[in-house]
Amino acid sequence: MEKLKYALFTGCTAKQSTPEQMMSTMAVAEKLGIELIELTEASCCGASHLQDYDDFLSLVLNARNIAYAEKHDLTMVTICNTCQLNTAMTKHRLDNNADLKAKVNEKLAEVGLEYKGTSKVTHFLYAIIDDIGLDKIKEMVVTPLSQFNIAPFYGCHNIRPSELQNESHDKAENPYNPTSLDDLIIACGGKNVDYDEKNKCCGFHAELQAPKTAATLTGNAIAGAMDGNADWMVTPCPLCHLKLDTQTHHASEAIGREVALPVLHMQQMLGLALGCDQSTLGMKHHLTKVDFV
Amino acid sequence: MNLKLELTKRKKELMSTHKITTQKVNFKVFRFNADEDYLPYYEDYSMDVTSEEVVLDILNRIKWDHDGSFSYRRSCRHGICGACAIKVNGRSTLACKESMTTMIEYFGNEMTIEPLSTKRAIKDMIIDKGDFWKKHEAATPYVVDEIDETPELENLLSPAEADALNDADLCIQCGACHYACPVVEINEDFMGPAAFAAAYRFEADVRDGDESRLTDVNQMGSGVWDCVKCFECAEVCPKDVNPIEKIGQLHNMLFQSGKAESNVATRHAVGFEKSIKKNGVLDEGGLVLYSEMAGIVKHVPVALKMFSKGKIVPPWGITKSQNLDEIQKLVKSSTTAKF
Ligand code: SF4
Ligand code: SF4
Ligand code: SF4
Ligand code: FES
């Protein structure tokens, strides 16, 4: 098989508050034989907040990011659900509206760029499932995670709106019963925990404006996983990770119950199963101690 | 061959390829009568469901074939009146529109049928929707205008002006989104997605001259800023109103109108532009500081812990985007909002 190669849009979080996510992405890519070309020119995706302030500007900036992936003639992979949402949404809107695309390209032309619509945009989770396959991953597992009950936390912006999200990968994900992350847990040899909150919201995007709401949602999510007898949680989104890992104090206060579980990035889980050296997975950067490795 | 014969033949062909399939589905159905029952309970029904049926057919069959006292609302059975929304396996569903085939695809052959909100149940599927209507009303869901009592012409919208409503006018007030919204569930002041879609629908109407609606729906604690952007409302809406998109447009309108007050929510949105202009990427710490101002103190304990774990990059440690000049040029030339 030809070596898999993607243009990597890291987003901002992996470069700042979740360094462990960046490290584990690179470690896992190496194990899986994937070459990642980092889009160092990319700007922030706007995280849905720039979109609130200035929708057109956010389209222009996201189109610019995709244009750089197109220059490499590669699929763009994201490692943040919200990056995925905003980038895929931009692509969808431009690919389906010639006028809007022309307006955006008029701006991009000022800096010598053009958005063509030739690169696919997909989350790393779906890229590996689609392009490597769960069977192959299973074969590559050297340390099966068989002693663990693992609670998948999908994060809204990978599964909703499903019509948009399902444009980005091969197998349609059911927003009411998503399976990709469960499947990955099983491929890694773990036992997947089923609980009501696995496809619910962590509250991240209202953390500053509506702290009580946000903390309640976080608390409910961790509580759901704990009640499902999970040893730890796993998520494909660094923003969900930040909420679940660093905000346990506020979350416990909001729901009136002590809650905390180690929360791994999906790359860290995969890295453990594939036998990556633990120092490359960055577990020491977690606030809720990863006490089982 | 004459046309009529041709059509009859086509129809026969179509009928022969269109297969109606049947499968067994087990239903757990929420039962409660507020006048008599202390607690709700669930009744089990097993039925052969055909691929032709919608969820409302199942409700009808429960009533007609099993228990005449089973109660639910429906009127038009055409997805117009908005009366029949319920929950199937926790998912808001317009009963007369949703096909059982889709439900089986989503949930398999075990289904729980509940009212939109169990805590508001009056009898079986019937709920007290009072909170929904109160919040809807708070969005001033009508055109506010000086009325000419003896008009000579109708006050019509051009096609382009009607397009600007962006399908928000398709809302049938079924409440599916409202009771699917996780914030409505935990904050009783939150106006909810349908009220916001209504607010957008009338704000976007060129005939409207209301002065206060936009600020009403932007209140902290009850307004658009408390939305967590989970897209549940967009996922469930049977009319594709896409309430979360309208919420985004209300944010945009606020900034465009110049009515945006400086508060943690507006600064948080604007802060992204500032940060992108400076670094291309986000300065996460700087964003929180700019948004919260003095409120930053409440983040200090967690921030210190994060710092000790190497999770906070100081402003001078941030790797700026390459070709930052391009980004800065685009921010300058493409910005449409003001603050
Ligand atoms: S969503 Fe967040 S992490 Fe992803 S690029 Fe945007 S700001 Fe950065
Ligand atoms: S996107 Fe916002 S309004 Fe819609 S359901 Fe989620 S929190 Fe509620
Ligand atoms: S927006 Fe859609 S789901 Fe919400 S009340 Fe209107 S029609 Fe129903
Ligand atoms: S019965 Fe009127 S919308 Fe369903």
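Residue numbering note: each chain is counted from 1, following its sequence as written. Lettering of chains starts at A and numbering of ligands starts at 1, both following the order in which they are written. Under the rules for a predicted model, residues below a pLDDT of 70 receive no local features and side-chain atom pairs below 80 are neither given nor counted, while totals for whole chains, interfaces and linings still include all residues. Note that water and hydrogens are dropped before the side-chain values are worked out from all heavy atoms of the structure.

A. Fine view of the domain arrangement of chain B. Residues and elements named next belong to chain B. Where a domain begins and ends is set by an automatic assignment or by a domain database. Here chain B is described as being made up of domain 1 (21-127), domain 2 (130-143 + 161-256) and domain 3 (264-334). On a C-alpha basis, the centres of domain 2 and domain 3 stand 29 Å from each other. The interface is formed by 4 residues belonging to domain 2 together with 5 residues belonging to domain 3. In this assembly, domain 2 packs against domain 3 so that about 330 Å² is buried in total across both faces, 96% of it on carbon and sulfur atoms. Computed with a 1.4 Å rolling probe, the buried area is the accessible surface lost when two parts are put together, summed over both parts. A per-residue breakdown of the area domain 2 buries against domain 3 is headed by Met220, Trp225 and Phe255, which together make up 95% of the total. Each salt bridge in this description consists of a side-chain nitrogen of Lys or Arg and a carboxyl oxygen of Asp or Glu lying within 4 Å of one another. The tally of links from domain 2 across to domain 3 stands at 0 salt bridges. Two N or O atoms count as a polar contact when they lie within 3.5 Å, although within protein this holds only if one can serve as hydrogen donor and the other as acceptor, and sequence-adjacent residues are included solely when both atoms are side-chain atoms. Our count for the domain 2 to domain 3 interface comes out at 0 residue pairs in polar contact (both at pLDDT 80 or more). Residue polarity is assigned by list, with Asp, Glu, Lys and Arg as charged and Ala, Val, Leu, Ile, Met, Phe, Trp, Tyr, Cys and Pro as nonpolar; anything else, Gly included, falls into the polar class. For the side of domain 2 that touches domain 3, a count of residues per class yields 4 nonpolar, no polar and no charged. For this analysis, residues touch if any pair of their heavy atoms sits within 4.5 Å.

B. Highlighting the packing of aromatic side chains. A pair of Phe, Tyr and Trp rings is counted when the ring centres sit within 6.5 Å of each other, with Trp represented by its six-membered ring. The angle between the planes then sorts it: under 30 degrees is stacked, over 60 is edge-to-face, the rest tilted. One pass over the full model with this rule turns up 14 aromatic pairs over all chains. Here Phe148(A) and Phe292(A) contribute two aromatic rings whose centre-to-centre distance is 4.9 Å and whose plane-to-plane angle is 55 degrees, an arrangement assigned as tilted. Placement of Phe148(A) in the loop between helix H7 (134-140) and strand E5 (149-152) and of Phe292(A) in the segment after helix H14 (266-273) is noted, with a sequence separation of 144 residues between them. On the numbers, 5.9 Å between centres and 55 degrees between planes, the contact of Tyr176(A) with Phe107(B) is tilted. With Tyr176(A) in the loop between helix H9 (162-165) and helix H10 (180-187) and Phe107(B) in helix H3 (residues 100-107), this pair bridges two chains. Of the two residues, Tyr176(A) and Phe107(B), neither departs from the other in class, the shared state being buried. Within the aromatic cluster, the residues linked to one another by ring pairs are Tyr53(A), Trp225(B), Phe255(B) and Phe339(B). Between Lys28(B) and the ring centre of Tyr42(B), over which it is positioned, the NZ or CZ distance is 5.2 Å. Numbered from the N terminus, helices here are DSSP runs of H or I no shorter than four residues, and strands are runs of E no shorter than two. Relative accessible area decides the class of each residue, using a 1.4 Å probe on protein chains only: under 20% of the type maximum gives buried, over 50% gives exposed, and in between gives partly exposed. Only lysine NZ and arginine CZ atoms are considered, and such an atom sits over a ring when it is within 6 Å of the ring centre and within 35 degrees of the ring normal.

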